[in-house]
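# Observations on chain architecture
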Amino acid sequence: MSFNNKVVIVTGASSGIGAATSLMFAKEGADVAIVARTQAKLAAVAKNIQALGRRALVIQADLSKEADTATIISKTIQHFGKLDVLVNNAGMASQGCLLDGKALQAYDEVMKTNVRAVVQLTSLAAPYLIQTKGNVVNISSVAGLIPSKMTTLMFYAVSKVALGHFTRCAALELAPSGVRVNSVNPGPVENQFLTNNKLNVSDELKSNLSDYTALGYIAKDDEIGRVILFLASDKARSITGSTYVIDNGCLLK
Ligand SMILES: NC(=O)c1ccc[n+]([C@@H]2O[C@H](COP(=O)([O-])OP(=O)(O)OC[C@H]3O[C@@H](n4cnc5c(N)ncnc54)[C@H](OP(=O)(O)O)[C@@H]3O)[C@@H](O)[C@H]2O)c1
């Protein structure tokens, strides 16, 4: 799966799936524009990319802010001259449901980062992806396929459903221009997502997450990264508008 001299943008590259995936692209020969809010964490990822002999462009941006998001594609093109792959990985969760009075607040927060920013970035990237016959990989969740059992995460789930349908609609619009758009839908992943989002989840649930999967195993960041790289590669040239589930059989339970 060579990405030799390809240019890839990974949002949410400061930790978890995004950080691991950025390094995996660099190992396969890509130059990577890494996007997130936390400069220090991005700098560490950039150092690791450079240690692999590839170029890294750090773009500090808050994707919930339209003005920040607006600069990401132009900075990448200015620096690298082209764009081959856009990985819309950044995501957040905010708790709120119908009966706790926080529904609209949670809805607005998650939709801004998990959906609106993806629409904005994909739209700005599309003309450059058409030039390279590139592609987009969106990181959704199994929560985009079934309602979350944690009802206070309902708007996270709603945002991932919207992302799934955006993936299919974008794939249809861009297919005549030779640009593919796919989605990866992980089940629970062994990283800091719950802690980073300050989710009110009991320690018991956190330590028993594997009980929610049929295989009794929780995926690691690089296992999600492998699916992302596959979909972004020429090996997946016949795949567009698809939803790739990697959940250790979470949906079976
Ligand atoms: N972990 C799981 O169990 C799991 C399961 C299914 C799907 N997912 C999805 O996987 C994706 C990656 O999450 P992860 O698991 O790797 O968790 P993570 O370690 O918390 O990563 C989230 C990334 O998104 C960035 N981010 C969040 N809000 C942002 C904003 N407003 N502007 C810019 N960057 C922002 C964070 O960086 P900064 O904080 O530095 O900005 C971080 O790099 C998300 O879309 C998530 O919904 C995760």
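Residues numbered from 1 in each chain as written. Predicted model: local features only at pLDDT ≥ 70, side-chain atom pairs only at ≥ 80, totals over all residues. Heavy atoms only, no water.

### So, the sheet that holds strand E3 (residues 56–60)
- Within the open sheet, the seven strands sit side by side as E3-E2-E1-E4-E5-E6-E7. Their pairing is parallel. Both edges of this open sheet fall to E3 and strand E7 (243–246), since each of them pairs with a single strand only. Put simply, the sheet's adjacent strands are angled 15° from each other on average, direction ignored.
- In this structure, strand E5 (residues 135–139) lies alongside strand E6 (residues 180–186), joined through five bridges in parallel fashion. By the bridge assignment, Ile139 is partnered in E6 with Val184.
- In the packing of helix H5 (residues 103–132) onto the sheet, contacts are made with strand E1 (7–11), strand E4 (85–88) and E5, and the angle to E4 comes to roughly 175°.
- Relative to the sheet, helix H9 (residues 221–232) contacts E4, E5, E6 and E7, its axis offset from that of E6 by approximately 165°. (Pairing = 2+ DSSP bridges. Helix = DSSP H or I, 4+ residues; strand = E, 2+ residues; numbered from the N terminus. Axes fitted to C-alpha atoms, helices over the stretch in contact; angles between N-to-C directions. Contact = heavy atoms within 4.5 Å.)

### Points about the site of the ligand
- As a structural note, the neighbourhood of the ligand is formed by 29 residues, with Ser15, Arg37, Thr38, Asn89 and Tyr156 the closest of them.
- The contact in question runs from an oxygen atom of the ligand to an N or O atom on the side chain of Ser15, over 2.7 Å.
- Between the ligand and Thr38 there is a distance of 2.6 Å, counted from an oxygen atom to a side-chain nitrogen or oxygen.
- Burial of the ligand by the protein chains amounts to 93% of its free accessible area of 880 Å².
- Here the residues of the shell around the ligand sort into twelve nonpolar, 14 polar and three charged. (Near = heavy atom within 4 Å. Polar contact = N/O pair within 3.5 Å; in protein donor to acceptor, adjacent residues only side chain to side chain. Areas by Shrake-Rupley, 256 points an atom, 1.4 Å probe, with all protein chains shown as cover. Nonpolar A, V, L, I, M, F, W, Y, C, P; charged D, E, K, R; others polar.)

### As for the packing of helix H1 (residues 16–27) against helix H2 (residues 39–51)
- The contact between H1 and H2 brings their axes to 9 Å, and the two run at 20°. One element, H1, and the other, H2, form an angle in the roughly parallel class. Once H1 is placed against H2, the crossing between them reads as right-handed. Of the residues in H2, those touching H1 at Ala19, Ser22, Leu23 and Ala26 are Val45, Asn48 and Ile49.
- Considering only residue class, the contact of H1 with H2 consists of five nonpolar, two polar and no charged. (Parallel < 35°, antiparallel > 145°, perpendicular 65-115°, else oblique. Left-handed = near helix turned anticlockwise from the far one by under 90°.)

### So, a nonpolar patch on the surface
- A cluster of nonpolar residues, Leu145, Ile146, Val245 and Leu251, forms a patch on the protein surface that exposes about 280 Å² of accessible area.
- With respect to the helices and strands, the residue Leu251 is situated in the segment after E7.
- Judged by its relative accessible area of 32%, Leu251 is partly exposed. (Patch = residues over 30% accessible without salt bridge, like charges linked within 9 Å, V, L, I, M, F, W, Y side chains within 5 Å. Salt bridge = Lys/Arg side-chain N within 4 Å of Asp/Glu carboxyl O. Buried < 20%, exposed > 50% of the residue type's maximum accessible area, 1.4 Å probe, protein only.)

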